Amino acid sequence: MRSILILNGPNLNLLGTRQPEVYGTTTLSDIEEMCRTYAQAIGVNVAFDQSNHEGDLVDALHAARGTHHGVVLNAGAYTHTSLALMDAISSIALPVIELHLSNVHAREEFRHNSFIAPVALGLICGFGARGYTLAMDALISHLEATE
Ligand code: DQA
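First, a word on what this report is: a plain description of the structure on this page. Remember, it's a predicted structure, so these values are computed and weren't measured experimentally.

Scoring rules and cut-offs
- Residues numbered from 1 in each chain as written.
- Predicted model: local features only at pLDDT ≥ 70, side-chain atom pairs only at ≥ 80, totals over all residues.
- Heavy atoms only, no water.
- Core = buried A, V, L, I, M, F, W, Y, C linked by side-chain atoms within 4.5 Å.
- Buried < 20%, exposed > 50% of the residue type's maximum accessible area, 1.4 Å probe, protein only.
- Helix = DSSP H or I, 4+ residues; strand = E, 2+ residues; numbered from the N terminus.
- Contact = heavy atoms within 4.5 Å.
- Pairing = 2+ DSSP bridges.
- Axes fitted to C-alpha atoms, helices over the stretch in contact; angles between N-to-C directions.
- Expected span 1.5 Å × (residues − 1).

## As for the nonpolar core
- Core analysis: the largest hydrophobic core is formed by 24 residues, its most contacted members being I4, I6, I31 and M136.
- Elements supplying a minimum of two residues to this core: β1 (3-8), α2 (28-42), β2 (45-50), β4 (96-100) and α5 (130-146).
- Per-element tally for this core: the top contributor is α5, with 6 residues.
- Dropping the residues within four chain positions of it, M136 is found in contact with I4, I6, C35, Y38, A39, V44, V46 and V72.
- Within the second largest apolar cluster, 19 residues are counted, among which are L5, A60, V96 and A120.

## Some points on the sheet that holds β2
- Taking strand neighbours across the sheet as the criterion, the 5 strands line up as β2-β1-β3-β4-β5 in an open arrangement whose pairing is parallel. Looking at strand neighbours, the two that pair on one side only are β2 and β5 (122-125), the edges of this open sheet. Adjacent strand axes in the sheet meet at a mean angle of 20° when their direction is disregarded.
- Packing of helix α3 (residues 54-64) onto the sheet brings it into contact with β1, β2 and β3 (70-74), and relative to β1 it is tilted by some 175°.

## Observations concerning α5
- A rise of 1.5 Å per residue sets the reference length of α5, with its 17 residues, at 24 Å; its end C-alpha atoms lie 25 Å apart and thus fit the reference within 8%.
- For α5, the full list of buried residues reads G131, Y132, T133, A135, M136, L139, I140 and L143.
- Packed against the buried residues of α5 are β1, α2, β2, β3, β4 and β5.

Shown next, in the form of structure tokens:
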């Protein structure tokens, strides 16, 4: 069975109460539940993780090798700063989809740069919590087309 890791970075544990005008009121647990239900419906395995620490996210990407077939990554603010995450993605040879709840390109200029995008399979942003299942679909389609 295909297996996807959904990995969330800093401050995403606060979804639901964090800037609801930007990120909505859906909590990370709601999103996890949504992804698990969707994974069951389409017959894939899903693991869900979150960390506020850059090195933990690097470790989680490394650990995905041999365990999962692809990753959906919302790296939060590390998207815009982290060479370490970029290098980790380049090192693991797994398809990674960059995800953001908000449309980062319609926001402050410092959010327009991504260290993840050049090494990602693709990017989904601006669709709120729904982006997670869109990203799962995109990843599964990619895996089906390339395996
Ligand atoms: C975010 C966008 C980032 O710019 C921000 O730092 C986040 C959340 C999003 O999901 O819209 O923490 O990744």
